[in-house]
Amino acid sequence: METAGPRTRAAARLGAHATREEQRKRRPVRRWQRRRIGEEQEEAVFREVVSFTRDPLPARYYDKDTTKPISFYLPSLEELLAWTPDAEDSFNVALEPLKCRQPPLSSQRPRTLLCHDMMGGYLDDKFIQGSAAQNPYCFYHWQCIDIFVYFSHHLVTIPPVGWTNAAHRHGVCVLGTFIAEWKEGGQLCEAFLAGDERSYQAVADQLVLIAQFFRFDGWLINIESSLSLAAVGNVPPFLRYLSTQLCRQVPGGLVLWYDSVVSSGQVKWQNELNEQNRIFFDSCDGFFTNYNWQEEHLDRMVAQAGERRADVYVGVDVFARGNVVGGQFDTHKSLELIRKHGFSAALFAPGWVYECLEKRDFFQNQDKFWGLLGRYLPPHSICSLPFVTSFCLGMGTRRVCYGQEEAVGPWYHPSAQEIQPLFAEQRPEGDGQGWVKTHCCLADAWNGGSSLLLRGVIPPEVGHVAVRLFSLHVPVPPKIFLSMVYKLEGPSDVGVALELTTGDAGSCHVGGISTLSETSSRHSPRPLRVPPTKLARWVGHCGQQLSGGWVQRCYEVNLQGCVLQDLWVSFSRPPGSREQEAFVCRLGELQVVDANSLLRPLPRVQAVSVSRVRWQRAAPEEEEEQRPARLRLSCALHWSYPLSHVRCFRIHCCRATGSPAEGPPGPEKPALLGLAFVNQYRVVDLAVAAAGPGTDGRVEFLVEPVPREGFLVPKAEWGRAALLYSGPHT
């Protein structure tokens, strides 16, 4: 079966747009034009006659209550085989490619897999553009895991795109789940496995196409239904074919098999790799054992796995159901034995800390759980630039943009989660009682919804303490710029500095910074006082006190033949101080950027369009509260922009009424609608004033690109489109 390359996808989208055009023939005529609003700015102007006719949206792609775009699953074999890429599917395509990381997943270092199973799946995380969920589940210990599996009990579980974006940003690969259970699952498997190769190859081709189109990395295959001899005999060639095709279409793709069915076709959980299930292990990339194992199972598996020990993922049920070695806050007991035998680990449902414990203590419990596992979870390193993070968790109680509050109220948007650090407690060597501990914190933010809180103590015996925040493996260009935004809480004269560790010390030449000691490869960069003119956007506030008490420090480092390995933050006692110094510091942002990348021109957002317009009358209670009369507007925005250049898009609107002869209204502060991670956004139930007799209502949409290097783009380079609307004809 031919996979959907660019031509196939384009054809699918064109077909979908043709369908929409047929629908529009039944709608009021819409006209559009381009209007120049300045020397460098253009906007597309669309005209619409308000109509309250219904234009139903496809239920698979949009929430029936809110009409917001949602991630989805496929519940049946028929729907799996019938699925083809559609224009509506593009909302769910991941922006983030899988980041380069070290060591690569192909290394033989034991790995850590997290299998996310929470209350059936597709909860608040299904809303692609985010939601107003209060106290949602949030995972942020990405540096400690290698593989993320999104699990549910639907036949084909496609990971919600927010999880894929967040995981890929951290170099973690993402798998969906193909699961068949009970009698119904057995009948389904017989339908595609008991026949000839064309049947199981058709299913495999669809699974490959789905992973390729939505840009995730593979599948966990979980068959928990008894199979006939004919069907179970075709499982190994099905797995081999799926693994081969996936690897061709998805670089680094993975297919894992769950320990359930044995070679006879019976469902008999073995809790180990053995001769009864080895044929499945030999046919794919890895084996996920059941959870009720003891140490003797691990002993036997050493010989069975041979050189592929890292491909055996020993299952650990964090809920501790059944006869398990350790779960809940004793999960580390299981990890200790698994690592002792050199196997990978599969942690099932670590959301236990959220589901079963007090929600108000979630962050403390999550940090406790992962902290207890820390010694068994070697972190992986990110190895690409630019490296930019505001420590945002993808949630918050308000939205902040570079120190300025934009909106108040809970929000949850997993795609908006920035790169998270190594959450740990760092203590210096020796007998001193100094320490630094990191926490995520929603109380304040520089950009997004949260920041990183660092608490610590500098004892009298030492001059400074430091904490490693990130493990990197980046062959750095000749010149890099670094930036740190921070603030100290309360009165404190403690010094705050950014430090970096370089590798390849024999050939690595470091210039333009002061070295801490002759034998150390950890360096304190020199602050950048006067930035080059072309870098003014990025370092416009270096060394300045910013709003909310934040301070930005910028650094320039000249390197040759070096590998950047670690980022540290160091805290030093004030000059002349001999007392113990306690401090609380908040980090708002860290940036490491190739100097040359800041000199390249940014593309502009182009071809912003407005479509799929829907109108609703405001609810009676809204009409009573607000005058003039109000309407609710929903529509789709599309634009053109190379996605490799952006972290996301910020979508704004300006609302006004007036005569078309008067032209656009005067300047108005744009209101943030939300974030987009593809070249489209659905506006849902935007309150606008009804157009009066002889006048047009006007709403302008603005698309602000957020560059990967992390600086504000002037409004002249935003995309924009205006919608003029008049009252319905009577």
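Residues numbered from 1 in each chain as written. Predicted model: local features only at pLDDT ≥ 70, side-chain atom pairs only at ≥ 80, totals over all residues. Heavy atoms only, no water.

Looking up the protein chain in an unreviewed UniProt entry gives the name Cytosolic endo-beta-N-acetylglucosaminidase, with the organism given as Panthera pardus. According to the UniProt record, the Sequence similarities (unreviewed entry) comment for the protein chain is "Belongs to the glycosyl hydrolase 85 family." Per UniProt, the protein chain has the following entry under Function (unreviewed entry): "Endoglycosidase that releases N-glycans from glycoproteins by cleaving the beta-1,4-glycosidic bond in the N,N'-diacetylchitobiose core. Involved in the processing of free oligosaccharides in the cytosol." (UniProt positions renumbered as here; feature names shortened; annotations may be inferred.)

The next subject is the overall build of the protein chain. Along the backbone of the protein chain there are 13 helices and 35 strands. In the protein chain, 77% of the contacts between residues at least 6 apart in sequence involve partners at least 24 apart. Counting every atom, the protein chain has about 30100 Å² of accessible surface; 50% of that belongs to carbon and sulfur. (Helix = DSSP H or I, 4+ residues; strand = E, 2+ residues; numbered from the N terminus. Contact = heavy atoms within 4.5 Å. Areas by Shrake-Rupley, 256 points an atom, 1.4 Å probe, with all protein chains shown as cover.)

This part covers the packing of aromatic side chains. A complete count under the given rule lists 41 aromatic pairs for this structure. An angle of 80° between the planes, with centres 5.4 Å apart, marks the rings of Y258 and F288 as edge-to-face. Note that Y258 is positioned in strand β9 (residues 254–258) and F288 in strand β10 (residues 286–288), a separation of 30 residues in sequence. Relative to Y725, the ring of W615 has its centre 4.9 Å away and its plane inclined at 50°; by these criteria the two rings are tilted. Taken as a pair, W615 in strand β29 (residues 606–617) and Y725 in strand β35 (residues 719–726) lie far apart in primary sequence, 110 residues in all. Three or more aromatic residues joined by ring pairs form one cluster here, namely Y137, F139, Y140, W142, F148, W163, Y354, F362, F363, F369, W370 and F423. Above the ring of Y354, the side-chain terminus of K359 is found at 4.6 Å from the ring centroid. (Phe/Tyr/Trp six-rings, centres within 6.5 Å; stacked < 30°, edge-to-face > 60°. Lys NZ or Arg CZ within 6 Å of the ring centre and 35° of its normal.)

Before going further, it helps to spend a moment on the sheet that holds strand β33 (residues 680–689). Across the sheet, 3 strands lie side by side as β29-β30-β33; this open sheet has antiparallel pairing. In this open sheet, the two strands that pair with only one neighbour each are β29 and β33. On average, each strand axis in the sheet is tilted by 25° relative to the strand beside it, whichever way the strands run. As defined by bridge partners, strand β30 (residues 630–640) adjoins β33 across 8 bridges and the pair is classed as antiparallel. Looking across to β33, one finds that L633 is bridged to L686. (Pairing = 2+ DSSP bridges. Axes fitted to C-alpha atoms, helices over the stretch in contact; angles between N-to-C directions.)

This brings us to the packing of helix α5 (residues 197–214) against helix α7 (residues 235–249). Where α5 contacts α7, the two axes come as close as 9 Å, and the packing angle between them is 30°. In terms of axis orientation, α5 runs roughly parallel to α7. As for the relative orientation of α5 and α7, their crossing is right-handed in sense. Between α5, through Y200, Q201, V203, A204, D205, L207, V208, A211 and Q212, and α7, the contact on the second element is made entirely by P237, F238, Y241, L242, Q245, L246 and Q249. Residues of the contact of α5 with α7, tallied by class, amount to 11 nonpolar, 4 polar and 1 charged. (Parallel < 35°, antiparallel > 145°, perpendicular 65-115°, else oblique. Left-handed = near helix turned anticlockwise from the far one by under 90°. Nonpolar A, V, L, I, M, F, W, Y, C, P; charged D, E, K, R; others polar.)

Our focus in this paragraph is α7. With 15 residues, α7 should reach 21 Å at 1.5 Å per residue; the first-to-last C-alpha distance of 21 Å fits that figure. Taken as a whole, α7 has its buried residues at V235, P236, P237, F238, L239, Y241, L242, S243, Q245 and L246. Among the structural elements, α4 (182–193), α5, β8 (218–224), α6 (229–233), β9 and α8 (278–281) are those in contact with the buried residues of α7. (Expected span 1.5 Å × (residues − 1). Buried < 20%, exposed > 50% of the residue type's maximum accessible area, 1.4 Å probe, protein only.)

This part is about unusual backbone geometry. Most peptide bonds take the trans configuration, and most residues that are not glycine carry a negative phi. Look at the link from Q102 to P103: it is a cis peptide, with omega at -10°. When you line up the elements, P103 lands in the loop between β3 (101–102) and β4 (112–116). Residue L385 is joined to P386 through a cis peptide bond whose omega torsion reads 0°. The residue P386 is located in the loop between β13 (381–382) and β14 (387–389) in this model.

Turning our eyes to something else, we now look at the environment of V312. Counting through the fold element by element, V312 comes out in strand β11 (residues 312–317). On the accessibility criterion, V312 (0% relative accessible area) is buried. Along the primary structure V312 and F281 are separated by 31 residues, whereas in three dimensions their C-alpha atoms are 8.5 Å apart. Residues contacting V312, with those up to four places away along its chain left out, are L273, F281, F287, T289, M301, A305, F343 and S344.

Further remarks concern the state of the cysteines. Every disulfide links exactly two cysteines, by a covalent bond between their sulfur atoms. For the structure on display, the rule yields 1 disulfide. What pairs with C100 in a disulfide is C383, and their sulfur atoms sit 2.1 Å apart. Where C100 bonds to C383 through sulfur, the torsion about that S-S bond is close to -100°, and the disulfide is left-handed. Here C100 is found in the loop between α2 (77–82) and β3, whereas its partner C383 is found in the loop between β13 and β14, with 283 residues between them in sequence. Look at C100 and you get partly exposed, because its relative accessible area is 40%. Relative accessible area serves as the criterion here: at 12%, C383 is assigned to the buried category. Among the cysteines around C138, which has no disulfide bond, C440 carries the closest sulfur, lying 7.0 Å off. No disulfide involves C654; its sulfur sits 6.6 Å from that of C653, the nearest cysteine. With relative accessibility at 10%, the residue C654 sits in the buried group. (Disulfide = S-S within 2.5 Å.)

The next thing to look at is the pattern of salt bridges. Applying the stated rule across the entire model yields 29 salt bridges. D317 is the salt-bridge partner of R321, the closest N and O atoms lying 2.7 Å from each other. On the accessibility criterion, R321 (44% relative accessible area) is partly exposed. In this structure, the salt-bridge partner of R360 is E358, at a minimum N-O distance of 3.3 Å. (Salt bridge = Lys/Arg side-chain N within 4 Å of Asp/Glu carboxyl O.)

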